[in-house]
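Chains, contacts and geometry: an overview
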Amino acid sequence: MLQLFLFFWVALGQDVFLDPGEYEDLSLEEIGVSVKELRHQRPTEQPRKTKGASMGVKFRNFRREALEMYWDDGTPQGTYSGRVPGLGRTATMTYQSHTFFFKRGDAEIARFEMLPAKNFYIIEPDDEEIRRSQEYQDALREKAFMEAYEERTGTPWLSFYPRDPPVLHMWPAEKVGQTHAVATPFGPDHPLALRLTVLSTAPRVFLIPELLSRDECDHVVELGKTVVRQSMVGQGGGFQSKTRTSLNGWLPRGKSSVLDNIYRRFGHVLGINDTLLGPSHNAEELQVVHYSKSQEYAPHHDFGDDGTPEQRFLTLLLYIHVPDEGGATSFPKAFNGKGLQVVPNRGDAVLFYNMLPDGNADDLALHAGMPVKKGEKWVCNLWVWDPHR
Ligand SMILES: O=C(O)CCC(=O)C(=O)O
Ligand SMILES: [Fe+2]
């Protein structure tokens, strides 16, 4: 009977959650979830830097000729920063008030000072045909959009442009301590009632206690041991880096029937049809990560700009073996810079959204795997893309 009830509950897509109006924002201590560790990283808010802040910028060259790019370091010649092809583009991380200039031979063609809320710089065409081209008109629209967006929201547009709001379900995160209840028939061997509790509203971070059973954690660790290798970061196969010293590997959902059942559960917990959670649809294979003592993953975003609107929408991080000391997952930009760090219990998961409801990537979703001080840490990442992979 209970099973039947739960089945209908799920089938109707009904989630039980309290009216956000009933919630007070709770402090981390007041949330009342049982975890190994849950705290702020700093006692005070860290105001977002405005002067001298780092920023990602894009340049578009609408000259037909290639240009040489220089950073103005105060010397007459500047620091060489690479070539921008004719009608090409480049992007770089820099700082506010820094200046770049572009040369063809000895002639300076353009010079830009990096200004707050201006992340897009256009080297103007010198011929009418290009000025009338669709590409140039699109670039002007993109520049105007980026500036208006940052003006309006105080945060830069980091997604590909143009990009629609996400199509996948996103759990509301209006107040710290708010919970959503989900029932699923796909428990370890019985239906399961689960809860998602909001740990942070900006970025949107949830704790999901007891998503996996102990036996399931053991099972995934055992599968993980057969696939982990030295971690790589970056695109195109990546490269070894000091910022990610852990080992990782990938597990297809069909690796075992236990894993496939867990994926069905993920579908209910995320509010996303589980058939979409395969590699040919919206998700990557399950990534297993192993850290031993002093290994870490420095602060990073899970999204990247690969020049398409498709983006890593959410991260479901499963703790399948908890370190004895250290190894928290941290969100240094949460709580206006007070930060959030959490070490859940074994079998718990942390869910966070890398995108905002308007389709922008969420800069605040910056996070890190802090150094393990004692024991071993095993986690899994499920990355779900929107609108598809
Ligand atoms: O280990 C953690 O706590 C975070 C891991 C992570 O961010 C990643 O693998 O992308
Ligand atoms: Fe990550």
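Only a predicted model underlies this, so the values are computations on that prediction, with no experimental measurement involved.

1. Brief notes about the site of ligand 1
- In the region of ligand 1, 14 residues are neighbours, and Tyr-291, Thr-329, His-367, Lys-377 and Asn-381 sit closest.
- Here Tyr-291 contributes a side-chain N or O atom positioned 2.5 Å from an oxygen atom of ligand 1.
- A distance of 2.8 Å is found between an oxygen atom of ligand 1 and a side-chain nitrogen or oxygen belonging to Asn-381.
- Alone, ligand 1 offers 290 Å² of accessible surface; in the complex the protein occludes 99% of this.
- For the shell around ligand 1, the elements supplying multiple residues, two or more each, are β16 (297-300), β17 (311-321), β22 (367-369) and β24 (377-386).
- Broken down by class, the residue content of the shell around ligand 1 amounts to six nonpolar, five polar and three charged.

2. Here's the deal with the sheet that holds strand β3 (residues 54-61)
- Taken in spatial order, the three strands line up as β6-β3-β9 in an open sheet, and their pairing is mixed. Two strands in the sheet have a free side with no partner beyond their single neighbour: β6 (89-95) and β9 (120-123). Each strand of the sheet is rotated relative to its neighbour by a mean of 25°, with strand direction disregarded.
- Note: β3 against β6, seven bridges, orientation antiparallel. The residue of β6 that forms the bridge with Gly-56 is Met-93.
- Sitting on the sheet, helix α3 (residues 134-153) touches β3, β6 and β9, and the angle it makes with β9 is about 150°.

3. Description of the UniProt feature "domain: Fe2OG dioxygenase" (unreviewed entry) in the protein chain
- Mapped onto this numbering, the UniProt entry annotates "domain: Fe2OG dioxygenase" (unreviewed entry) at residues 282-386.
- As annotated, residues 282-386 has a helix share of 0% and a strand share of 49%, and its two end C-alpha atoms lie 7 Å apart.

4. Side note on the sheet that holds β22
- Overall, antiparallel pairing links the five strands, which are arranged β2-β20-β19-β22-β16 in an open sheet. Single-partner strands in this sheet number two, and they are β2 (37-39) and β16. Averaged over all pairs of adjacent strands, the angle between their axes in this sheet comes to 15°, without regard to strand direction.
- One ladder, built from two bridges, connects strand β19 (residues 329-331) with β22; its direction is antiparallel. Bridging from a neighbouring strand, Ser-330 pairs with Ala-368 of β22.

5. Some points on the pairing of β24
- In terms of residue burial, β24 counts as a mostly covered element, since 10 of its 10 residues are buried.
- Every second residue of β24 is oriented toward a common face, with Lys-377, Val-379, Asn-381, Trp-383 and Trp-385 on one face and Trp-378, Cys-380, Leu-382, Val-384 and Asp-386 on the other, all of them buried.
- Bridge count between strand β15 (residues 286-291) and β24: five bridges; the pairing is antiparallel. Across the sheet, His-290 pairs through a bridge with Trp-378, a residue of β24.
- Note: β17 against β24, nine bridges, orientation antiparallel. Each bridged residue has a counterpart across the sheet, and for Gln-311 the counterpart in β24 is Asp-386.

6. So, the nonpolar core
- Within the largest apolar cluster, 44 residues are counted, with the highest numbers of intra-cluster contacts made by Leu-211, Phe-266, Leu-316, Leu-318, Ile-320 and Leu-351.
- Elements represented by at least two residues in this core include exactly β11 (192-200), β12 (205-208), α4 (214-225), α5 (257-270), β15, β17, β21 (349-353) and β24.
- At six residues, α5 tops the list of elements feeding residues into this core.
- Setting aside chain neighbours within four positions, we find Ile-320 in contact with Leu-212, Cys-217, Val-220, Val-221, Val-288, Arg-346, Trp-378, Val-379 and Cys-380.
- Counting 24 residues, the second largest nonpolar core, distinct from the first, contains Val-205, Tyr-297, Ala-328 and Ala-334.

7. Looking at the coordination of the iron ion (ligand 2)
- Binding of the iron ion (ligand 2) to the protein goes through His-300 (NE2), Asp-302 (OD) and His-367 (NE2), at separations of 2.0 to 2.2 Å.
- Of note, the donors binding the iron ion (ligand 2) are all from one chain and are spaced H-x1-D-x64-H. Here Asp-302, found in the loop between β16 and β17, pairs with His-367, found in strand β22; they are 65 residues apart in sequence, far enough to count as distant. The pair Asp-302 / His-367 is uniform in exposure class, with both members buried.

8. What about the packing of aromatic side chains?
- Tallying each qualifying case throughout the model produces 18 aromatic pairs.
- Counting every residue linked through ring pairs, the aromatic cluster contains Phe-59, Phe-100, Phe-102, Phe-112 and Tyr-121.
- Taking the ring centre of Tyr-70 as reference, the NZ or CZ of Lys-103 above it sits at 5.8 Å.
- Just above the ring of Tyr-291 sits the side chain of Lys-377; from NZ or CZ to the centre is 4.5 Å.

9. As for the side chain of His-290
- Along the chain, His-290 turns up in strand β15.
- Overall, His-290 belongs to the buried group, its relative accessible area being 10%.
- Within the structure, the side chain of His-290 is placed 2.7 Å from the side chain of Glu-376, a separation counted as a polar contact.
- Excluding its chain neighbours within four sequence positions, the residues that come into contact with His-290 are Ser-246, Leu-247, Gln-295, Glu-376, Lys-377 and Trp-378.

Parameters at a glance
Residues numbered from 1 in each chain as written. Chains lettered and ligands numbered in written order. Predicted model: local features only at pLDDT ≥ 70, side-chain atom pairs only at ≥ 80, totals over all residues. Heavy atoms only, no water. Near = heavy atom within 4 Å. Polar contact = N/O pair within 3.5 Å; in protein donor to acceptor, adjacent residues only side chain to side chain. Areas by Shrake-Rupley, 256 points an atom, 1.4 Å probe, with all protein chains shown as cover. Helix = DSSP H or I, 4+ residues; strand = E, 2+ residues; numbered from the N terminus. Nonpolar A, V, L, I, M, F, W, Y, C, P; charged D, E, K, R; others polar. Pairing = 2+ DSSP bridges. Axes fitted to C-alpha atoms, helices over the stretch in contact; angles between N-to-C directions. Contact = heavy atoms within 4.5 Å. UniProt positions renumbered as here; feature names shortened; annotations may be inferred. Buried < 20%, exposed > 50% of the residue type's maximum accessible area, 1.4 Å probe, protein only. Core = buried A, V, L, I, M, F, W, Y, C linked by side-chain atoms within 4.5 Å. Donors = N, O, S within 2.8 Å, 3.2 Å for Na, K, Ca; no water. Phe/Tyr/Trp six-rings, centres within 6.5 Å; stacked < 30°, edge-to-face > 60°. Lys NZ or Arg CZ within 6 Å of the ring centre and 35° of its normal.

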